[in-house]
Amino acid sequence: MNKKPGLLMSIAILALIILAGYFNLHSGEVASVHLRAGVNPDSILYVCPVADSMWDSIASILSNLRKQIIMGITFAVIVLAFCWGWALYQNLLKDKFNKDAYKNSWGLTKFFFWVTIVFVLALHTPNYFRTVTIKNHGQNSQWVLCESFSPNARAVSAKAVFSR
């Protein structure tokens, strides 16, 4: 008998989502942008207008504080190194291993690890990696790379697209 059917079901669903994403499977009709005759599809990139979302605004706010966040994380790592060093020093001083000396250091390590992961994920939203600039007659505009079947997709020459 399986005692954890929810865990098995969530693993199966996660595996199906990964397979569907990797093999580009869709559940409905896919409408794509049609190119005019004579255009080489290899020289075209598809871009969509930047859609503001809650995550993009959080990432924008945090990007203004990037230097302070990195300084705080660096300070935390230095304090963490001293905590581990102090616990090691206490064990070496007594000439025996006492695992209780590492309890606070290990707790701080786990806490700072997850805080760092949350900040990195909040700073690097998916649009962070997809944002491009299109050079059009001297005007710069912000777009994100997308698929040909995405809503509001536009085909542009790959030569006019620049990463941030």
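Given the structure is predicted, the values throughout are model-derived calculations rather than measurements. (Residues numbered from 1 in each chain as written. Predicted model: local features only at pLDDT ≥ 70, side-chain atom pairs only at ≥ 80, totals over all residues. Heavy atoms only, no water.)

**Some remarks on the overall build of the protein chain**
- Tallying secondary structure elements over the protein chain gives five helices and five strands in all.
- Written out in order from the N terminus, the α and β elements of the protein chain read α-β-α-α-α-α-β-β-β-β.
- Per-residue burial over the protein chain gives 19% buried out of 164 residues.
- Of the contacts formed within the protein chain by residues at least 6 apart in sequence, a portion of 69% connects residues at least 24 apart.
- Accessible surface for the protein chain amounts to roughly 13,000 Å². Of this, 66% is attributable to carbon and sulfur atoms. (Helix = DSSP H or I, 4+ residues; strand = E, 2+ residues; numbered from the N terminus. Buried < 20%, exposed > 50% of the residue type's maximum accessible area, 1.4 Å probe, protein only. Contact = heavy atoms within 4.5 Å. Areas by Shrake-Rupley, 256 points an atom, 1.4 Å probe, with all protein chains shown as cover.)

**Side note on the nonpolar core**
- Formed by Val 47, Val 132, Ile 134, Trp 143, Val 156, Ala 160 and Val 161, the largest nonpolar core amounts to seven residues.
- Counting residues in hydrophobic clusters, the runner-up holds six residues, among them Ile 44, Tyr 46, Cys 48 and Ala 153. (Core = buried A, V, L, I, M, F, W, Y, C linked by side-chain atoms within 4.5 Å.)

**Quick notes on the state of the cysteines**
- For the structure on display, the rule yields one disulfide.
- Note that Cys 48 is cross-linked by a disulfide to Cys 146, the S-S spacing being 2.2 Å. Taking the torsion about the S-S bond as the criterion, the Cys 48 to Cys 146 disulfide, at about 85 degrees, is right-handed. With Cys 48 in strand S1 (residues 44–49) and Cys 146 in the loop between strand S3 (139–145) and strand S4 (154–157), this pair connects stretches of sequence that are 98 residues apart. (Disulfide = S-S within 2.5 Å.)

**Things to note about the environment of Tyr 89**
- Assignment of secondary structure puts Tyr 89 in helix H3 (residues 66–94).
- By relative accessible area, which is 42% here, Tyr 89 ends up partly exposed.
- Sequence separation between Tyr 89 and Ala 101 is twelve residues, and the spatial gap between their C-alpha atoms is 9.7 Å.

**What about a nonpolar patch on the surface?**
- Residues Leu 16, Leu 19, Tyr 22, Phe 23 and Leu 25 make up a contiguous nonpolar surface patch of about 620 Å² in total accessible area.
- Along the chain, the position of Tyr 22 falls in helix H1 (residues 5–22).
- When its relative accessible area of 66% is taken as the criterion, Tyr 22 is described as exposed. (Patch = residues over 30% accessible without salt bridge, like charges linked within 9 Å, V, L, I, M, F, W, Y side chains within 5 Å. Salt bridge = Lys/Arg side-chain N within 4 Å of Asp/Glu carboxyl O.)

**A closer look at the side chain of Asn 91**
- Considering the arrangement of structural elements, one finds Asn 91 in helix H3.
- Within the local environment of Asn 91, its side chain forms a polar contact with the backbone nitrogen of Asn 98, the two atoms lying 2.9 Å apart.
- What Asn 91 contacts, discounting residues up to four positions off in sequence, is Lys 96, Phe 97, Asn 98, Ala 101 and Tyr 102. (Polar contact = N/O pair within 3.5 Å; in protein donor to acceptor, adjacent residues only side chain to side chain.)

It is worth stressing that arrangement in space is one thing and function is another; only the former is reported here.
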